[in-house]
Amino acid sequence: MGKRVDFTQGNITVIILKQAVPLIIAQLAQLVYSIEDRVFIGHIEGVGKDSLAGLGICFPLISIILAFTLLFGLGGVPLFSISRGEGNHAKAKNIMNHSFILLSVSSLIILGSILIATKPILYALGASDNTYIYASKYLRIYILGTPFLMIGSGMNYYISAQGKPMTAMITTLSGALVNTILDPIFIFVFKLGIEGAAYASIISQFVSFIWVILFIFSTKSDTKLEPLRNGFQFKTSVLIMSYGITNFVMEASNCIIQIVCNKSLSYYGGDDFVMIMTVINSVRAILGLFVSGLIAGAQPVMGHNYGAKNYDRVRAAIRSNTIIGIAYTAIAWLFVILCPRLLISLFTNDKTILDMATPYLNIYFMGYIFMSLQFSGQSTFMALGKRLPAISFSIFRKIIIVVPLTLILPLVMTNSISGVFWAEPISNIIGGSASFITMYFTVYRKMTLKSTKN
């Protein structure tokens, strides 16, 4: 058995950063993994702009795949961490075993469903006759790697939750390295275009999947995977999904937003603006990388200490999470203001698109600092297993605020297209503030009182 890591000892900020830094590197690799497809596709001679717009049409489906990965994979991690904190390692193993089964079965169902209905799905997501050509070429190949992607990514969360972020980092680095090597070869050397990017993704996903499987079935894992040990328990599966539903809704709501934005932009401006939104979403993914890694590093630390009833350490983790997040998002926001064209040029060298996209990028990131409050509040709720508020604030920001604003603002603003982009900063300010304030009074302050009584 590997050595168990104890999150109840040592400086809490240092522990979070030790967890977070490898995960940030891993997520950087994961980002390179997906972003480089967009970079290379956007620079395909003659058809780069249309290919990138087609790829943007596929994003909602990719979000759905990730949503189910979070539902069945990350959904069990708070339970896993709390059980470890309580010293109940048999329960932790059972949770991990069921996550593996759920990920395996659901990935095959998703794969089959999308293959059967590719054409109607893509048109429903906002594809035009032109962008459908490129979207379908990419999706029909990319979707074949769904089992590798879901099982590899979903079970990698359990490696990190065991206090082995370096091992989890290698999972993503290995796939990203393979993808980085294969993308230009398949796209430009073999002249496979957007299909080459899809082939490179499948192979890289398979490499990451093999690394995860070899680790979690070995004695190097302090909680070794044994999926058939206790059979399939419906109650345990429902429990995992009840915790994972928050992450599922968060990611699925991204899918809904992407669909609404694509359809609105296609209606008011055409395929060029769908492509611009694809670029801006890619920039957001780059800049959100650090905060995502910070959250992923902090959650098992908070969950473990919460299970061990070390409330002072949970509060310290919340403070560190919040302060670091605010500092980073402020710096990232400043960078967008100062260097918008540099960020956009990563994905296209078309001067017309650069000129068109710059003002919309600045609008989209207005008030970005408030996202750190959303992240802090929601990640705390998720880490401590408080499902209702976590899911409520996700729905509140994305479904109740963003979607209606995306539909209404274009009707009342002089520039209809800018209305689509203004929906994001408005939702950040309102949703982020509401999430953090609620977390502060319902979680942080209550734990302060518990610590005082103890």
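Residues numbered from 1 in each chain as written. Predicted model: local features only at pLDDT ≥ 70, side-chain atom pairs only at ≥ 80, totals over all residues. Heavy atoms only, no water.

S.K.: Would you mind showing me how to read the pattern of salt bridges here?
M.R.: Opposite charge on two side chains permits pairing when their charged atoms draw close. Evaluation of the coordinates by the stated rule reveals 9 salt bridges. Ionic pairing is found between D222 and R84, a salt bridge with its closest N-O pair at 3.3 Å. Residue D222 is found in the loop between α9 (194-216) and α10 (234-268), and its partner R84 is found in helix α3 (residues 77-86); the two are separated by 138 residues along the sequence. For the pair D222 and R84, a shared accessibility class is recorded, and that class is buried. Connected via shared salt-bridge partners are R84, K164 and D222. (Salt bridge = Lys/Arg side-chain N within 4 Å of Asp/Glu carboxyl O. Helix = DSSP H or I, 4+ residues; strand = E, 2+ residues; numbered from the N terminus. Buried < 20%, exposed > 50% of the residue type's maximum accessible area, 1.4 Å probe, protein only.)

S.K.: Would you explain empty space enclosed by the protein in this entry?
M.R.: Gaps between atoms show up when a probe of the same size as a water molecule is rolled over them. Tallying each qualifying case throughout the model produces 5 cavities of 30 Å³ or more. Estimated volume of the second largest cavity: approximately 160 Å³. In terms of lining residues, the second largest cavity is bounded by 18 residues, among which I257, Q258, C261, M277 and N281 are the most central. Residue assignment for the lining of the second largest cavity shows that the elements contributing at least two residues are α2 (48-72), α10, α11 (271-287), α17 (387-412) and α18 (416-453). For the lining of the second largest cavity, a count of residues per class yields 9 nonpolar, 7 polar and 2 charged. (1 Å grid on protein atoms, 1.4 Å probe; cavity = no way out; pocket = protein on both sides within 12 Å on 5 of 7 lines; lining within 4 Å. Points joined across faces, edges and corners; volume = space filled by probe spheres on them. Nonpolar A, V, L, I, M, F, W, Y, C, P; charged D, E, K, R; others polar.)

S.K.: Any chance you could explain the packing of helix α4 (residues 89-116) against α10 here in plain terms?
M.R.: Pairs of packed helices are described in terms of their axes, by the angle between the two and the distance that separates them. Packing of α4 against α10 leaves a shortest axis separation of 10 Å and a crossing angle of 80°. Here α10 runs roughly perpendicular to α4, going by the angle between their axes. In this structure, α4 uses N94, I95, H98, S99 and L102 to contact α10, whose residues at the interface are T236, S237 and I240. (Axes fitted to C-alpha atoms, helices over the stretch in contact; angles between N-to-C directions. Parallel < 35°, antiparallel > 145°, perpendicular 65-115°, else oblique. Contact = heavy atoms within 4.5 Å.)

S.K.: Is there a simple way to explain the confidence of the model for the protein in this structure?
M.R.: Detail in the predicted coordinates should be disregarded across regions flagged by low pLDDT. Confidence in the prediction for the protein averages 88 pLDDT; 96% of positions are at 70 or higher. The secondary structure element of the protein with the lowest average pLDDT is helix α1 (residues 12-42), at 76, and the one with the highest is α4, at 96. (pLDDT = per-residue confidence, 0-100.)

S.K.: Where do I start with the side chain of T118 in this structure?
M.R.: The residue T118 is located in helix α5 (residues 118-124) in this model. In contact with T118, other than residues within four places in its own chain, are L139 and R140.

S.K.: Just checking my understanding: could you explain the environment of T172 for this structure?
M.R.: Here T172 shows up in helix α8 (residues 165-189). According to the relative accessible area criterion, T172 is buried, its value standing at 8%. Along the sequence, T172 and V212 sit 40 residues apart, while their C-alpha atoms lie 9.6 Å from each other.

S.K.: Please clarify how the side chain of K398 should be interpreted in this entry.
M.R.: Relative to the assigned elements, K398 resides in helix α17. Here K398 sits buried without a salt bridge, and the closest side chain of opposite charge, E251, lies 5.9 Å off (N-O distance). If sequence neighbours within four positions are ignored, K398 has contacts with M250, S253, N254, I257 and V403. (Lys, Arg positive; Asp, Glu negative; His and termini not counted.)

S.K.: Looking at this structure, I do not really get the nonpolar core. What am I missing?
M.R.: A general feature of soluble globular proteins is that nonpolar side chains tend to end up buried together. Grouped together as the largest cluster of nonpolar side chains are 105 residues, with contacts concentrated most on L122, M155, F365 and F421. With 12 residues, α2 is the single largest residue contributor to this core. The residues touching F365, leaving out its near neighbours within four places in the chain, are I280, V283, R284, L287, W333 and V336. With 26 residues, the next largest nonpolar core counts I16, A20, M302 and M447 among its residues. (Core = buried A, V, L, I, M, F, W, Y, C linked by side-chain atoms within 4.5 Å.)

S.K.: Whenever I open this one, the layout of surface pockets confuses me. Can you help?
M.R.: Empty space within the largest pocket amounts to approximately 150 Å³. Taken together, I44, V47, S51, Y134, K137, I187, F188, K191, L192, G193, I194 and E195 make up the lining of the largest pocket. Contributing elements (two or more residues each) for the lining of the largest pocket: α6 (129-142), α8 and α9. Here the residues of the lining of the largest pocket sort into 7 nonpolar, 2 polar and 3 charged.

S.K.: Explain a nonpolar patch on the surface to me, please; I cannot follow it from the model alone.
M.R.: A contiguous nonpolar patch, built from Y267, Y268, L407, I408, L411 and V412 and spanning about 670 Å² of accessible area, is present on the exposed surface. Mapped onto the nonpolar patch, the elements with two or more residues apiece are α10 and α17. Here the element with the most residues in the nonpolar patch is α17; it accounts for 4 residues. Residue position: L411 is located in helix α17. Classification of L411 as exposed rests on a relative accessible area of 65%. (Patch = residues over 30% accessible without salt bridge, like charges linked within 9 Å, V, L, I, M, F, W, Y side chains within 5 Å. Areas by Shrake-Rupley, 256 points an atom, 1.4 Å probe, with all protein chains shown as cover.)

S.K.: I tried to follow the packing of aromatic side chains on my own but got confused; where do I start?
M.R.: The description of two aromatic rings rests on the distance between their centres and on the angle between their planes. In total, this model carries 21 aromatic pairs according to the counting rule given. Judged by centre distance (5.9 Å) and plane angle (80°), the ring pair of F273 and Y360 falls under edge-to-face. With F273 in helix α11 and Y360 in helix α15 (residues 351-364), the pair connects residues that are 87 residues apart, well separated along the chain. Neither F273 nor Y360 differs from the other in exposure class; each is buried. Site record: aromatic cluster; members linked through ring pairs are F68, F72 and F248. The lysine or arginine in question, R315, covers the ring of Y444, its NZ or CZ lying 5.6 Å from the ring centre. (Phe/Tyr/Trp six-rings, centres within 6.5 Å; stacked < 30°, edge-to-face > 60°. Lys NZ or Arg CZ within 6 Å of the ring centre and 35° of its normal.)

S.K.: Can you walk me through α3 in this structure?
M.R.: Residues spaced three or four apart along an α-helix face the same direction, because each turn holds 3.6 residues. Extensive coverage of α3 is indicated by the burial of 9 of its 10 residues. Looking at the packing, one finds that the buried side of α3 touches α4, α7 (146-161), α10, α12 (289-307) and α16 (370-383). Immediately downstream of α3, the backbone of G87 shows phi near 85°, a positive value.

S.K.: In this structure, what is going on with unusual backbone geometry? I would like to understand it.
M.R.: Glycine aside, residues mostly have negative phi, and peptide bonds are mostly found in the trans state. Its identity is not glycine, yet K191 carries a phi of approximately 55°, on the positive side. Since its relative accessible area comes to 70%, K191 is described here as exposed. A positive phi angle, close to 65°, is found at K309, a residue other than glycine.

S.K.: Please clarify how the packing of α2 against α11 should be interpreted in this entry.
M.R.: In contact at an axis separation of 8 Å, α2 and α11 are set at 65° when each is read in the N-to-C sense. Classified by the interaxial angle, the pair formed by α2 and α11 is roughly perpendicular. For the crossing formed where α2 meets α11, the hand is left-handed. In this structure, α2 uses K49, L52, A53, G56, I57 and F59 to contact α11, whose residues at the interface are D271, D272, V274, M275, T278 and V279. Split into classes, the residues belonging to the contact of α2 with α11 amount to 7 nonpolar, 2 polar and 3 charged. (Left-handed = near helix turned anticlockwise from the far one by under 90°.)

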